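Close look at the chain arrangement
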Amino acid sequence: MTPAAAAQDARIRAGVIGGSGSIGAELLRYLCVHPSVDLAWVTAHSSAGSRVSDVLPNLAGYTELSFVRLDELPDDLDGVQAVLVALPHNRSQEVIPALAERHPGIRFIDLGGDFRTPDPQGYLKHYGREHAAPEWLERFVYGFTEFQREKLPGARLVASPGCFATSLLLGLAPLAGAGMLRGEVFATGVTGSSGSGNEPKKTTHHPERATNFRAYKALEHQHMLEVEGFLSTLTREPFHVNFVPQSGPFVRGIFSTIFVPGVARATLEDTLRAAYDGEPLITFSRASPDVRLIQGTPRALIGFAGDSRQGAAFVALDNLGKGGASQAVQSLNRMFGFDETTGLMGLPGGFV
């Protein structure tokens, strides 16, 4: 049996910290049907004691687990090999280092923003607090799989990219790698209400935005910290990404538009197509992609517009999927030697 085949036959036990939020629930949707993962436990502070399927009825018949509190877990974490952490920003920096020190054999994937860049001053600026574990920042691998694929198998600590960051990096990383990213770059991104979590807030609760459209955190969104930080590892050219995020009247999905001055459409398209040739979770459209075609899927869809003078790239993805949970599962698969798309390739729902 080849090493790859042996890995596919192996199984791991995994735990999820923060399983009742939007990202955590999506993570469970993938892990409950993953053929190589046994889900050992799921924590959720507010839902502790409740059956997972009572809180998330779509998982009825797929798991018999109940949510537990983090401090109720056994000392050996029930023998898991991997822990996926889906806590709000500023929380995992207090949880992961303590657990990782006590359990050196366990691998961790953080889906929050706490460890995505080795820049504590940038973290303070964008996240509003001093990092509680700055000495851990350098230890994490940034889990942007398409450009970090070879670093993941040996990684013990992985920081999964943010949703907006993923959409922008899919368009910009190939240009940076080709030395074509320089000067001022401009982008917008429209996100659905699920990107703000499931706790209602005045400007993010879906009834408040269902018939509305607005910009927020213009030119200062926290994901720019990881976007520019990662792109800087791919190019020595000076550049700056000017990004305006927007709140859209839909629940799931992100649609980002990227302008790179002076790059023609044909050059832009050829560069991105070459970079993602053969990628199983990235597909292309000749024109604008539709957000509805990627909702509920682990895929990203990239389209193009422009002429010989100027081009634009469009990136559509599910903020809970490729921008969140499915990208973390993609990294998990790489870390443990499974085929990268294991557990991700179920057909999406129908479109009416």
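One structure accompanies this document, and this report is about it. Bear in mind that the values here come from a model prediction, so they are computed numbers and not experimental data.

Helix and strand counts for the protein stand at 11 helices and 14 strands. Relative to the 2.2 N^0.38 estimate, which gives 20 Å for 352 residues, the radius of gyration of the protein is 20 Å and therefore close to what a compact globule would have. If you line up the protein on its principal axes, its C-alpha atoms span 60 × 50 × 45 Å. Pairs at least 24 residues apart make up 73% of the contacts formed inside the protein by residues separated by at least 6 positions. Once the 31 positive and 36 negative side-chain charges of the protein are each reduced to a mean point, those two points are 4 Å apart.

Looking now at the packing of aromatic side chains. Per the stated rule, a full pass over the model turns up 10 aromatic pairs. Taking 5.3 Å as the distance between ring centres and 40° as the angle between the ring planes, the aromatic pair formed by Y142 and F230 counts as tilted. With a gap of 88 residues between them, Y142 in strand β6 (residues 141-142) and F230 in helix α9 (residues 223-231) connect regions that are remote in the sequence. You'll find Y142 and F230 in the same group, each marked buried. For the ring pair F147 and Y276, a centre distance of 6.3 Å and an interplane angle of 75° mean the geometry is edge-to-face.

Attention now moves to the nonpolar core. Within the largest apolar cluster, 37 residues are counted, with the highest numbers of intra-cluster contacts made by L172 and L231. The set of elements that each furnish at least two residues to this core consists of α7 (163-177), β8 (183-191), α9, β10 (239-247), β11 (254-259), α10 (265-275), β13 (300-306) and β14 (311-317). For this core, the element with the highest residue contribution is α7, accounting for 10 residues. Discounting residues that sit within four places of it in the chain, L231 has contacts with L169, L172, A173, A176, L181, F239 and V241. Core analysis: the next-biggest nonpolar cluster, separate from the first, contains 34 residues, A14, V37, A44 and V158 among them.

Turning next to helix α4 (residues 92-102). Along α4, the residues that are buried comprise S92, Q93, V95, I96, P97, L99 and A100. Of the surrounding elements, those touching the buried residues of α4 are β1 (12-17), β4 (82-85), β5 (107-110), α5 (120-127) and β7 (157-159).

As a further point, take the environment of S326. Its place among the elements puts S326 in helix α11 (residues 321-335). Exposure remark for S326: the relative accessible area of 1% places this residue in the buried category. Once the C-alpha coordinates of S326 and G296 are considered, the two residues, 30 residues apart in sequence, prove to be 9.9 Å apart.

Our focus in this paragraph is the sheet that holds β14. Spatially, β9-β10-β8-β11-β14-β13-β12 is the arrangement adopted by the 7 strands of the open sheet, whose pairing is mixed. The open sheet has two edge strands with one neighbour each: β9 (214-215) and β12 (282-284). Each of β12, β13 and β14 is contacted by α10, which is oriented at about 160° to β13, the strand it contacts most.

Our focus in this paragraph is the packing of helix α2 (residues 22-31) against α11. Two elements in contact, α2 and α11, have axes whose closest approach is 9 Å; the angle formed by their N-to-C orientations is 45°. When the axes of α2 and α11 are compared, the pair comes out oblique. Seen from above, α2 lies across α11 with right-handed handedness. On α11, the residues that touch I23, E26, L27, Y30 and L31 of α2 are G321, G324, A325, S326, A328, V329 and L332. When the residues that make up the contact of α2 with α11 are grouped by side-chain class, the tally is 8 nonpolar, 3 polar and 1 charged.

Overall, parallel pairing links the 7 strands, which are arranged β3-β2-β1-β4-β5-β7-β6 in an open sheet. This sheet does not close on itself; its edge strands, each paired only once, are β3 (67-68) and β6. As paired elements, β1 and strand β2 (residues 37-43) share 6 bridges and run parallel to each other. Paired with G15 across the strands is W41, a residue of β2. Most of the contacts of α2 go to β2, to which it runs at about 155°, and overall it touches β1, β2, β3 and β4.

It is worth spelling out the environment of F140 at this point. Position of F140 among the secondary structure elements: in the loop between α5 and β6. Not counting chain neighbours up to four residues away, the residues in contact with F140 comprise I96, D110, F115, L157, V158 and A159.

Analysis parameters
Residues numbered from 1 in each chain as written. Predicted model: local features only at pLDDT ≥ 70, side-chain atom pairs only at ≥ 80, totals over all residues. Heavy atoms only, no water. Helix = DSSP H or I, 4+ residues; strand = E, 2+ residues; numbered from the N terminus. Rg over C-alpha atoms; globule rule 2.2 N^0.38 Å. Contact = heavy atoms within 4.5 Å. Lys, Arg positive; Asp, Glu negative; His and termini not counted. Charge placed at Lys NZ, Arg CZ, Asp CG, Glu CD. Phe/Tyr/Trp six-rings, centres within 6.5 Å; stacked < 30°, edge-to-face > 60°. Buried < 20%, exposed > 50% of the residue type's maximum accessible area, 1.4 Å probe, protein only. Core = buried A, V, L, I, M, F, W, Y, C linked by side-chain atoms within 4.5 Å. Pairing = 2+ DSSP bridges. Axes fitted to C-alpha atoms, helices over the stretch in contact; angles between N-to-C directions. Parallel < 35°, antiparallel > 145°, perpendicular 65-115°, else oblique. Left-handed = near helix turned anticlockwise from the far one by under 90°. Nonpolar A, V, L, I, M, F, W, Y, C, P; charged D, E, K, R; others polar.

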